[in-house]
Amino acid sequence: MNGILYGVQFDRVLDDTVVTRVADGVTAGLYPGGRAETREALDQALRFPGPLTDQADTHHSEVELRSFFRQLSAALSTPPSS
């Protein structure tokens, strides 16, 4: 998760473009772990009962971060386009 958060730290908005960019990066091996491993890590983060913003230094709100993680998890559950 730290790699993903590092990769989006300068994005002002965590929109569909960022979701696609990160999902493509995971698929291309730019982040540690494959699609399934990253999706499991995202799902574990989303199950975390405390604030995710306490776990990593980010300017994004808790709501934004959780929404981004949900969207990214969904994108990673879809087979990559060829």
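In this numbering scheme, every chain counts its residues from 1 along its sequence in written order. Restriction of local features to residues with pLDDT of at least 70 applies here, the model being predicted, together with a cutoff of 80 or more for giving and counting side-chain atom pairs; totals for whole chains, interfaces and linings are based on all residues. Excluded from the side-chain calculations are hydrogens and water; all other atoms, namely the structure's heavy atoms, are used.

We define a salt bridge as a side-chain nitrogen of Lys or Arg found within 4 Å of a carboxyl oxygen belonging to Asp or Glu. Here the structure, examined in full by the defined rule, presents three salt bridges. Between Arg-47 and Glu-40 there is a salt bridge whose closest N-O contact spans 3.3 Å. For every residue, the accessible area (1.4 Å probe, protein chains only) is compared with the maximum for its type, and the residue is labelled buried under 20%, exposed over 50%, or partly exposed between those bounds. For Glu-40, a relative accessible area of 38% corresponds to the partly exposed category. Among the ionic pairs, Arg-66 bridges to Glu-62, the shortest N-O distance being 2.7 Å. Separated by four residues within a single helix, Arg-66 and Glu-62 lie in helix H4 (residues 62-77), roughly one turn from each other. For Glu-62, a relative accessible area of 22% gives the class partly exposed. Counting from the N terminus, the helices are the DSSP runs of H or I reaching at least four residues and the strands are the DSSP runs of E reaching at least two.

Attention now moves to the packing of aromatic side chains. Centres within 6.5 Å make a pair out of two Phe, Tyr or Trp rings, where for Trp the six-membered ring is used; the pair is then stacked when the planes are under 30 degrees apart, edge-to-face when over 60, and tilted otherwise. Evaluated as defined, the whole model comprises one aromatic pair. Ring centres of Phe-68 and Phe-69 lie 6.1 Å apart, and the angle between their planes is 45°; on these two criteria the pair is classed as tilted. Exposure remark for Phe-68: the relative accessible area of 0% places this residue in the buried category. Overall, Phe-69 belongs to the buried group, its relative accessible area being 2%.

This part is about the environment of Ala-36. Structurally, Ala-36 is set in helix H3 (residues 35-47). Accessibility expressed as a relative area gives 63% for Ala-36, which makes it exposed.

Moving on: helix H2 (residues 16-27). Between its first and last C-alpha, H2 extends 16 Å over twelve residues, near the 16 Å set by a 1.5 Å rise per residue. Of the residues making up H2, those classed as buried are Val-18, Val-19, Val-22, Ala-23, Gly-25 and Val-26. Down the axis of H2, the buried set is contained in an arc of 160°. They therefore lie on one face. Opposite its buried face, H2 presents the exposed residues Asp-16 and Thr-17, each directed more than 90 degrees away. Whether two residues touch is decided by their heavy atoms; if any such pair falls within 4.5 Å, the residues are in contact. On the buried face of H2, the contacting elements are helix H1 (2-8), H3 and H4. Following H2 by one or two positions, Gly-29 has its phi on the positive side, about 85°. Multiplying 1.5 Å by the residue count of a helix minus one yields the expected span of that helix. Throughout, the arc means the angular range of directions from the helix axis out to the C-beta atoms.

Turning to the nonpolar core, a few remarks are in order. In this description, a nonpolar core means a group of buried Ala, Val, Leu, Ile, Met, Phe, Trp, Tyr and Cys residues linked to one another through side-chain atoms lying within 4.5 Å. Val-22, Phe-68, Phe-69 and Leu-72 are the most contacted members of the largest nonpolar core, which has 19 residues in total. What Phe-69 contacts, discounting residues up to four positions off in sequence, is Met-1, Leu-5, Leu-42, Ala-45, Leu-46 and Leu-52.

To continue, consider the packing of H3 against H4. Helix-helix packing is characterised by the crossing angle of the two axes and by the distance between the axes. Where H3 meets H4, the axes come as close as 9 Å, and the angle between the chain directions of the two elements is 150°. Classified by the interaxial angle, the pair formed by H3 and H4 is roughly antiparallel. In terms of crossing hand, the pair formed by H3 and H4 is left-handed. Across from Arg-35, Thr-38, Arg-39, Leu-42, Asp-43, Ala-45 and Leu-46 in H3, the residues of H4 making contact are Arg-66, Phe-69, Arg-70, Leu-72, Ser-73, Ala-75, Leu-76 and Ser-77. Along the lines of polarity and charge, the residues of the contact of H3 with H4 split into seven nonpolar, three polar and five charged. Orientation is described by lines fitted to C-alpha atoms, with helices fitted over the stretch in contact, and by angles between N-to-C directions that extend from 0 to 180 degrees. Orientation categories follow fixed angle ranges, with anything under 35 degrees roughly parallel, anything over 145 roughly antiparallel, 65 to 115 roughly perpendicular, and all other angles oblique. What makes a crossing left-handed is the near helix being turned counterclockwise from the far one by less than a right angle; a clockwise turn instead makes it right-handed. When residues are grouped by polarity, Ala, Val, Leu, Ile, Met, Phe, Trp, Tyr, Cys and Pro land in nonpolar, Asp, Glu, Lys and Arg in charged, and all others, Gly among them, in polar.

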